Amino acid sequence: MSLKTKIAVLGSGNGSNFTSLAEACNKDSLRAKITLVISDVKEAKILNRAKELGIPNKFINPGKFRTKLDDTAEAAYIKALKDSGAQWVALAGFMRILKGDFLRAFEQKVINIHPSLLPAFPGLEAWKQAYDYGVKVTGCTVHLVDYGIDTGRILAQGVVPVLESDTSTTLYQRIQEEEQRLYPSTLARLFNNKI
Ligand code: GRF
């Protein structure tokens, strides 16, 4: 029997992707253990969800910047993640850009899910960018994180059609449903060396 891969999750918000990963771990469809959840937002729902599921979780102050971690925070995040034994870091709605020391500490081991078919619509509110542009299909992408914004190597994509009746809100709901299927199944394939 193969050992479980240890992953940590970083998130700033609701934690629906985190929950889908945790459920897949419980069912063993994803042979992994979530060692720690960290948020840069004290009141983030993702921390409550982790608490409810009995998964170690903590808020770590991100420091003085709005879009990235300052040096002290970056060191604290790396230490907490390493101490937890995490081999991989899965971003799930983490709203800060990771760079330098962080990406070197987890070289090629940081994964993200983005709510569009990259390379189209990187950055914020990607579903809204796609809706406003008028595309007929969009979706979500699981990718490795590199030094650019949503530019890392693509691991998997899920397609979501845009319906005539859609608003950007209903479109995003269906993209999130697809995310919750795609993220755990992609990590399962990745950890089984199928990607
Ligand atoms: C997801 O839509 C993900 O694609 C994006 O941030 C959102 C996080 O949602 N990166 P949740 O916190 O997992 O519910």
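Here the structure is shown first, and the text comes after it.
Calculation criteria
- Just so you know, the residues in each chain are numbered from 1, in the order the chain's sequence is written.
- Totals for whole chains, interfaces and linings use all residues, but because this is a predicted model, local features are given only for residues with pLDDT of at least 70 and pairs of side-chain atoms are given and counted only at 80 or more.
- As a rule here, side-chain values come from all non-hydrogen atoms in the structure, and water together with hydrogens is ignored.
- One heavy atom within 4 Å of a molecule or strand makes the whole residue count as near it.
- What qualifies as a polar contact is a pair of N or O atoms within 3.5 Å, subject to a donor-acceptor requirement within protein and to the restriction that residues adjacent in sequence count only when both atoms come from side chains.
- For accessible areas, the Shrake-Rupley method is used with a probe of radius 1.4 Å. Any residue's cover is judged against the shown protein chains and nothing else.
- In this description a helix means any DSSP run of H or I spanning at least four residues, a strand means any run of E spanning at least two, and both kinds are numbered starting from the N terminus.
- Counted as salt bridges are all cases of a side-chain nitrogen of Lys or Arg within 4 Å of a carboxyl oxygen of Asp or Glu.

S.K.: Would you mind going over the site of the ligand with me for this structure?
M.R.: Within the structure, the ligand sits among Asn 14, Gly 15, Ser 16, Asn 17, Gly 93, Ile 113, His 114, Pro 115, Tyr 172, Gln 176 and Glu 179. Gly 15 has a polar backbone atom sitting 2.8 Å from an oxygen atom of the ligand. Calculation on the ligand without its partners gives an accessible area of 370 Å², and the protein chains cover 88% of this total. Every element with two or more residues in the shell around the ligand is listed here: helix H1 (16-27), strand S5 (110-114) and helix H6 (168-191). Residue contributions to the shell around the ligand peak at three residues, all from H6.

S.K.: Teacher, can you tell me more about the pattern of salt bridges here?
M.R.: Side-chain pairs of opposite charge can arise where the charged atoms are in close proximity. For the structure on display, the rule yields eight salt bridges. Here Arg 31 ties to Asp 28 by a salt bridge, and the two come within 3.1 Å at their closest N and O atoms. In this structure, Arg 104 and Asp 101 form a salt bridge, with 3.0 Å as the shortest nitrogen-oxygen distance. Remark: Asp 101 and Arg 104 occur in helix H4 (residues 100-105); sequence separation between them is three residues, near one turn of the helix. It is possible to trace a salt-bridge network through shared partners that takes in Lys 4, Asp 28 and Arg 31.

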